[in-house]
Amino acid sequence: MASKQFQTVDELDLRQDLHHREVEIELLQETFSEIGSELDLERVFQIVAERARDLVQAQTLLIPILDDNCETYTYRGGAGVHAKEIVGESLPLDFGICGWVWRHKKAWWRGVLDELSDEERNYWEKEAGSVILIPLQGKRHFLGGIAGFNKRGEEEFDRRDLNMLSMFASIVSIAIENAMAVQKMEEVRQLTEDYQIQLQRLNRQLSESNRELEYLSLYDTVTGLPNRSLFRDRFTQHLALAQAQGQRFGLLLIDLNNFKEINETLGHERGDQVLKNVARRFLAYLGGNNILSRLGGDEFALLLPDVDRAQSLRHAGHLLQQLDAPFDIDSMTIAVSASIGVSLFPEHGADISTLLRHTDLAMFRAKTGKRGVSLYDPVADHSSPGMLMMTADLRKALEQQEFELYYQPKVNLRNNRIDSVEALGRWQHPQRGFVSSTMFIRVLEQTGMIDRYTHWVIETAIEQIRLWQSQQRDIRIAVNISTQTLMNPDFMIYLEGLDSIADSGGNLQFEITENLFLSEYDRLCETLGYICQLGITLSIDDFGTGYSSLGRLKKLPVSELKIDCSFIMDMDKSVDDEVIVHSTIELAHNLGLSVVAEGVESEKTCQRLLEMGCDMAQGFLISKPVPIEQFERFLAEWGN
Ligand code: C2E
Ligand code: MG
Ligand code: MG
């Protein structure tokens, strides 16, 4: 009986145990199926916490997880009393439960941890009572732990709880580790995706700016033509091709005349418009088979494939013709002309730098000789000094006062007296002899030295006027003033400070060029007005070569007009020129201006000018420009 009763108790226990087991196994199965399909890590922690709490009947269950830094841990999941407040808290690893688990890598299930410090112990005793702790050990890493606090029903956690929770932990830890890995991967994937999007965007930006940069580094933004470096590149390619195939080609350098003045007087924006329009006309003429580029400033280069001397020169002439019609820009009519240097491959050079240098020399000769087009001439071009050397030499010349003023008389046709002269600069290079004044003036202008030079001319002229005055001789001296100097505000300041002007007694005259009338009208009026107030008279030089109208002149304080020598010299051969000269004299007189004819070389021309009522004549017929001593002798002989 007793044994039966025993059996019954045993049976009962067993049955109860089995039931427990079934419930537990069911719980475990549910847990695994739930977390196995769960991808959200926080949800995994939450499920684990709830199930573990049920498994060991804890009042509170927390899941501390070691953070990536391995210095702190965070309660990532929790269920039961106070769990909500605690989840999300982080603590240093050497503190509290997780720290203990981390240090020992083993479980605890009886009462409060005896290895906690007194302070911590009190805390856990007060707050928790009893604790069950199981490490969560993943396959690769230590993850953290599962901590149950206070068994429900005032019981203690027992070995069964320990075993159950340990088994539970060993299985869920893998699921947790996997979920953590998935989350990490997801984070990394997201990051990579973001990076990729960013990278793609950056790549796009980069290739766009690369394209822009490439464009900027190879093309000229004003005209859209290839720039100097792309030109060199294409030139080199073409040269190699021409050499391989035994082909010839022509190289042209096209330089606009007086572009500096257009830029300075009309402003850079209009200057750019001019360049753009010039490029457009050239392209329209050339069509496709060529390499036209803008080398910079007002200089264009053109490579004409497979052309001979005659064809190159013909193309050059046609290019100049493209500029015949003036440009209409901002309702202004702007006349543009150019000088073209031509060289040929293979006659004039076998490499790019030689060919460019030779074409440049030809262009320089075209410009200084006022010839339009000039073909490279080995003899002539090598005897003219290069620009670079000239700049250095001119700087020295300015410092050492190597310049000299020559004087050319203007004869008064009414009384045959010489009452005025033009002072013209001369420069004798120590080795090369006289350098053409057109050439050195151009270099002085281009290198910004013209102001200093002009000051010297003015002061030298004033000194001469004063000397003549001391001898009771009343002769006016005209000096040439470059547009650049005239339009420079510093020039007015210079004149203001020049006390000797007062001593010139009205005998100082400035010759200014017609191109000036392209300038800002108001500023020009102001400048010229100021000069007149100082007692300096104004003369318009080279009249007829620009595009100004006499009507515009009317409003300016100008007293003299010089008809350009190109009209005078051909007057006896060209009826057109004679008509132009005649009508210019009449119109000028109507405006109250006196007229000087430049370039009078023959008696016949002089006679004709007299008949037309021209006031003064200047030219080789009367005298070439000569040094002062010779001029004095000339005056004495003239009977002045
Ligand atoms: P420009 O002011 O028109 O000077 C007249 C030029 O014509 C001078 O050339 C003179 O020698 C030349 N000429 C005079 N009569 C005759 C003639 O009957 N036949 C021919 N074929 N030519 C004649 P030059 O001295 O070579 O000067 C050339 C230009 O250089 C001048 O033209 C002027 O624009 C410029 N220039 C000369 N000296 C100066 C200067 O001191 N300052 C500035 N800014 N320019 C100067
Ligand atoms: Mg002059
Ligand atoms: Mg002149």
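Residues numbered from 1 in each chain as written. Chains lettered and ligands numbered in written order. Predicted model: local features only at pLDDT ≥ 70, side-chain atom pairs only at ≥ 80, totals over all residues. Heavy atoms only, no water.

In the vicinity of ligand 1 lie 23 residues, with Ser-437, Asn-480, Asp-541, Glu-601 and Phe-620 positioned nearest. One of the backbone nitrogen or oxygen atoms of Phe-620 is found 2.8 Å away from an oxygen atom of ligand 1. When ligand 1 is considered free in solution it has 790 Å² of accessible area, and contact with the protein chains removes 82% of it. Listed by contribution, the elements that provide at least two residues to the shell around ligand 1 are β14 (417–429), α14 (437–446), α15 (450–470) and β18 (537–543). Examining the composition of the shell around ligand 1, we find that 4 residues originate from one element, β14, more than from any other. (Near = heavy atom within 4 Å. Polar contact = N/O pair within 3.5 Å; in protein donor to acceptor, adjacent residues only side chain to side chain. Areas by Shrake-Rupley, 256 points an atom, 1.4 Å probe, with all protein chains shown as cover. Helix = DSSP H or I, 4+ residues; strand = E, 2+ residues; numbered from the N terminus.)

Considering the arrangement of structural elements, one finds Met-390 in helix α13 (residues 387–399). For the pair Met-390 and Val-435, spaced 45 residues apart in the sequence, the C-alpha separation amounts to 9.7 Å.

This part covers the domain arrangement of the protein chain. For the protein chain, the domain assignment lists domain 1 (2–186) and domain 2 (222–383). Inter-centroid distance (C-alpha atoms) of domain 1 to domain 2 is 89 Å. (Domains from an automatic or database assignment.)

Moving on to the coordination of the magnesium ion (ligand 2). Around the magnesium ion (ligand 2), the protein contributes the donor atoms Glu-422 (OE), Asn-480 (OD1), Glu-511 (OE) and Asp-541 (OD), at 2.1 to 2.2 Å from the metal centre. Here the magnesium ion (ligand 2) and the magnesium ion (ligand 3) are spaced 4.0 Å apart, linked through Asp-541, which binds each one. Taken together, the positions of Glu-422 in strand β14 and Glu-511 in strand β17 (residues 508–513) put the pair 89 residues apart, joining distant regions of the chain. Here Glu-422 and Glu-511 have matching classes, each one buried. (Donors = N, O, S within 2.8 Å, 3.2 Å for Na, K, Ca; no water. Buried < 20%, exposed > 50% of the residue type's maximum accessible area, 1.4 Å probe, protein only.)

For the magnesium ion (ligand 3), the protein coordination sphere consists of Asp-541 (OD), Asp-542 (OD), Glu-598 (OE) and Glu-598 (OE), at 1.9 to 2.7 Å. Read in sequence order, the donor residues coordinating the magnesium ion (ligand 3) give the pattern D-D-x55-E. Residue Asp-542 is classed as partly exposed on the basis of its relative accessible area, which comes to 23%. By relative accessible area, which is 8% here, Glu-598 ends up buried.

Inspection of every chain in the model, using the stated rule, returns 22 salt bridges. Residues Glu-264 and Lys-260 are paired through a salt bridge, measuring 3.4 Å at the closest nitrogen-oxygen approach. Residue Glu-264 and its partner Lys-260 are both found in helix α8 (residues 259–266); the two are separated by 4 residues, about one turn of the helix. For Lys-260, a relative accessible area of 34% corresponds to the partly exposed category. With its nearest N and O atoms 2.7 Å apart, the salt bridge here joins Glu-422 to Lys-562. Residue Glu-422 is found in strand β14, and its partner Lys-562 is found in strand β19 (residues 560–563); the two are separated by 140 residues along the sequence. The same class applies to Glu-422 as to Lys-562, namely buried. When salt bridges that share partners are traced, they join Lys-410, Glu-422, Arg-476, Glu-511, Glu-560, Lys-562 and Glu-598 into one network. (Salt bridge = Lys/Arg side-chain N within 4 Å of Asp/Glu carboxyl O.)

Judged by pairing direction, the sheet is antiparallel, and its 5 strands sit side by side in the order β3-β2-β1-β5-β4 without closing on themselves. Of all strands in the sheet, those with a lone pairing partner are β3 (90–92) and β4 (131–137), marking the two edges. Going across the sheet, the axis of each strand differs from the next one's by a mean of 25°, ignoring polarity. Strand direction decides the pairing type here: strand β2 (residues 72–80) and β3, joined by 3 bridges, are antiparallel. Residue pairing across strands places Tyr-73 opposite Leu-91, the latter belonging to β3. Packing of helix α6 (residues 159–218) onto the sheet brings it into contact with β1 (58–66), β2, β4 and β5 (142–151), and relative to β4 it is tilted by some 40°. (Pairing = 2+ DSSP bridges. Axes fitted to C-alpha atoms, helices over the stretch in contact; angles between N-to-C directions. Contact = heavy atoms within 4.5 Å.)

This next bit is on the packing of helix α2 (residues 41–56) against α6. One way to put it is that α2 packs onto α6 with a least axis distance of 10 Å and a crossing angle of 175°. When the axes of α2 and α6 are compared, the pair comes out roughly antiparallel. Contacts from Leu-41, Val-44, Phe-45, Val-48, Arg-51, Ala-52, Leu-55 and Val-56 of α2 reach α6 at Asp-161, Met-164, Leu-165, Phe-168, Val-172, Ile-176, Ala-179, Met-180 and Gln-183. Residue composition of the contact of α2 with α6, grouped by class: 14 nonpolar, 1 polar and 2 charged. (Parallel < 35°, antiparallel > 145°, perpendicular 65-115°, else oblique. Nonpolar A, V, L, I, M, F, W, Y, C, P; charged D, E, K, R; others polar.)

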